Amino acid sequence: MDFECPLCNALINVNENCPRCGSKMEDYGRVEDFFEPYNPYLDRDLVSMGEPKHQCIHLFACPDCGYDSRIVINQIPV
Ligand SMILES: [Zn+2]
Ligand SMILES: [Zn+2]
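Residues numbered from 1 in each chain as written. Chains lettered and ligands numbered in written order. Predicted model: local features only at pLDDT ≥ 70, side-chain atom pairs only at ≥ 80, totals over all residues.

Colleague: Lay out the overall build of the chain with the relevant residues and their values.
Modeller: Helix and strand content of the chain: two helices and five strands. Element order for the chain, N to C, with α for helix and β for strand: β-β-α-α-β-β-β. The burial tally for the chain puts 6% of its 78 residues in the buried class. The long-range fraction of contacts in the chain, counting pairs at least 24 apart against all pairs at least 6 apart in sequence, stands at 62%. (Helix = DSSP H or I, 4+ residues; strand = E, 2+ residues; numbered from the N terminus. Buried ≥ 20, exposed ≤ 12 C-beta atoms within 10 Å, placed from the backbone. Contact = placed C-beta atoms within 7 Å.)

Colleague: Can you lay out the environment of R20 for me, pointing to particular residues and giving the numbers?
Modeller: Within the element layout of this structure, R20 appears in the loop between strand 1 (3-4) and strand 2 (26-30). Contacts of R20, omitting those with residues within four sequence positions, involve C62, C65 and Y67.

Colleague: Could you give me a rundown of the pairing of strand 4 (residues 68-74), with the residues and numbers involved?
Modeller: In the sheet, strand 3 (residues 55-61) pairs with strand 4 via seven bridges, with the strands oriented antiparallel. What sits directly across from Q55, in strand 4, is N74. Two successive antiparallel strands, strand 3 and strand 4, enclose a turn made up of six residues, where G66 displays a positive phi of approximately 90 degrees. (Pairing = 2+ DSSP bridges.)

Colleague: Describe in detail unusual backbone geometry, supporting the description with residues and values.
Modeller: Within the chain, A10 stands out as a residue other than glycine whose phi angle is a positive 60 degrees. Structurally, the position occupied by A10 is in the loop between strand 1 and strand 2.

Colleague: Mind laying out the sheet that holds strand 2, listing which residues take part and the relevant values?
Modeller: The strand order across the open sheet formed by three strands is 2-3-4, and the pairing between neighbours is antiparallel. Two strands in the sheet have a free side with no partner beyond their single neighbour: strand 2 and strand 4. Adjacent strand axes in the sheet meet at a mean angle of 35 degrees, parallel and antiparallel pairs treated alike. Where strand 2 and strand 3 come together, three bridges link them in antiparallel fashion. What sits directly across from R30, in strand 3, is H58. (Axes fitted to C-alpha atoms, helices over the stretch in contact; angles between N-to-C directions.)

Shown next as structure tokens:
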């Protein structure tokens, strides 16, 4: 069974408001897409943990003040 992130596949919307200024935060995509080229240990860590976690971590950032946070999305079976 495959698991897909519903946010990556545009099945859900996540509305997060910036805790600093209250603006609507924007989804900047998967954290892995940002950091993978700089972090060769990421894949190895995932493998060494055994069970896949079926989670997708997205980076959300506020376009107004630059605040950013990571939001864990639980993947769904497809
Ligand atoms: Zn995702
Ligand atoms: Zn903000």
